[in-house]
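For reference, the chains in residue letters:
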Amino acid sequence: MKIDVVTLFPGMVDIPLSDSIVGRARKEKLLKLNFENPRDFTQDKHKTVDGKLYGGGTGMLMMAEPVFNAVKKVKKKNSVVVLLSPKGAIFNQKTALSLAKKKHLILICGHYEGIDERIGKCVDIELSIGDYVLTGGEPAAVAVIDAVTRLLPGVLKKKDATVNESFSFDLLEAPQYTRPEIWENLKVPKVLLSGNHKLIEEWKKSSALEITKKMRPDLLKKDE
Ligand code: ADE
């Protein structure tokens, strides 16, 4: 998959996505990340990318034109253009699964007070990573790219690594344990040491339901 990120601050996306699983996916060319800086698409000698708000208000707003021209440079027929913004639909595992099937994504990161509303002209989907305001869309782009990349074929080595985990089936994952069997007087649940796969699966299912009821009851109400 190819992902173009339109951002004034490429380092905020590039550096966090250089290590671990995504870093390896980039080295193996399973993910190709490219950055376009709206500053390179300005016409004036000051390379102006932002301005004051019409109608008043604090802070600076990014102008639509340099962002639009950056998108135009990389956009192809099969591109999906995603704007990261606190006003977008909440990003979840379902959206990650759907984006992971695309050949080319263009992620637009707003900064300061965001981008002139008219950028909507070139946007297919607007996504938020939660009900809080970040300094810019960059950390949100990192979250989206991370969640999408791990779903790409060949990125996680174990075939079913993404099957049972949190949110794939609207349930949180059952608690997990590793060595030692007893730590700080806390024991690993006996059933997990039993070797009885049927019992273990039953335990995982009921634990998943229990933890979802406790921590995220909203997930269980979604289909009602
Ligand atoms: N930009 C600022 N806050 C954001 C958020 N919560 N999600 C996506 N982009 C953002």
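For the structure, check the block above.
First things first, this report covers the structure right here in the doc. Note that the structure is a prediction, hence the values are computed from the model and not measured. (Residues numbered from 1 in each chain as written. Predicted model: local features only at pLDDT ≥ 70, side-chain atom pairs only at ≥ 80, totals over all residues. Heavy atoms only, no water.)

Topic: the site of the ligand
Phase 1: Close to the ligand lie 13 residues, the nearest being Ser85, Ile129, Gly130, Tyr132 and Leu134.
Phase 2: Between Ile129 and the ligand, the recorded distance is 3.0 Å, taken from a backbone N or O atom to a nitrogen atom.
Phase 3: One of the backbone N or O atoms of Gly130 is found 3.1 Å from a nitrogen atom in the ligand.
Phase 4: Calculation on the ligand without its partners gives an accessible area of 260 Å², and the protein chains cover 96% of this total.
Phase 5: Elements with a minimum of two residues in the shell around the ligand: β5 (79-90) and β7 (125-128).
Phase 6: In terms of residue class, the shell around the ligand is made up of eight nonpolar, five polar and no charged. (Near = heavy atom within 4 Å. Polar contact = N/O pair within 3.5 Å; in protein donor to acceptor, adjacent residues only side chain to side chain. Areas by Shrake-Rupley, 256 points an atom, 1.4 Å probe, with all protein chains shown as cover. Helix = DSSP H or I, 4+ residues; strand = E, 2+ residues; numbered from the N terminus. Nonpolar A, V, L, I, M, F, W, Y, C, P; charged D, E, K, R; others polar.)

Brief notes about helix α5 (residues 138-149)
Phase 1: The first and last C-alpha atoms of α5 sit 16 Å apart over 12 residues, in line with the 16 Å expected at 1.5 Å per residue.
Phase 2: When you tally the buried positions in α5, you get nine out of 12 residues, the bulk of the element. (Expected span 1.5 Å × (residues − 1). Buried < 20%, exposed > 50% of the residue type's maximum accessible area, 1.4 Å probe, protein only.)

Thoughts on the nonpolar core
Phase 1: Counting residues in hydrophobic clusters, the biggest one holds 31 residues, and the most contacted among them are Ile3, Leu107 and Ile145.
Phase 2: The contact partners of Ile3, leaving out residues within four places of it in the chain, are Leu31, Lys32, Leu33, Asn34, Leu105, Leu107 and Ile145.
Phase 3: If you look at the next biggest cluster of nonpolar residues, it comprises 18 residues, including Leu8, Val67, Leu83 and Val123. (Core = buried A, V, L, I, M, F, W, Y, C linked by side-chain atoms within 4.5 Å. Contact = heavy atoms within 4.5 Å.)

Focus on the sheet that holds β5
Phase 1: The strand order across the open sheet formed by five strands is β2-β1-β6-β5-β7, and the pairing between neighbours is parallel. Edge positions in the sheet fall to β2 (32-36) and β7, since each of these pairs with one other strand and no more. Taking the axes of each pair of neighbouring strands and ignoring which way they run, one obtains an average angle of 30° across the sheet.
Phase 2: Inspection of the sheet shows β5 paired to β7 by five bridges, in the parallel sense. Note that in β7 the partner of Leu83 across the bridge is Glu126.
Phase 3: Set on the sheet, α5 makes contact with β1 (2-6), β2, β5 and β6 (104-109); between it and β6 the angle comes to about 155°. (Pairing = 2+ DSSP bridges. Axes fitted to C-alpha atoms, helices over the stretch in contact; angles between N-to-C directions.)

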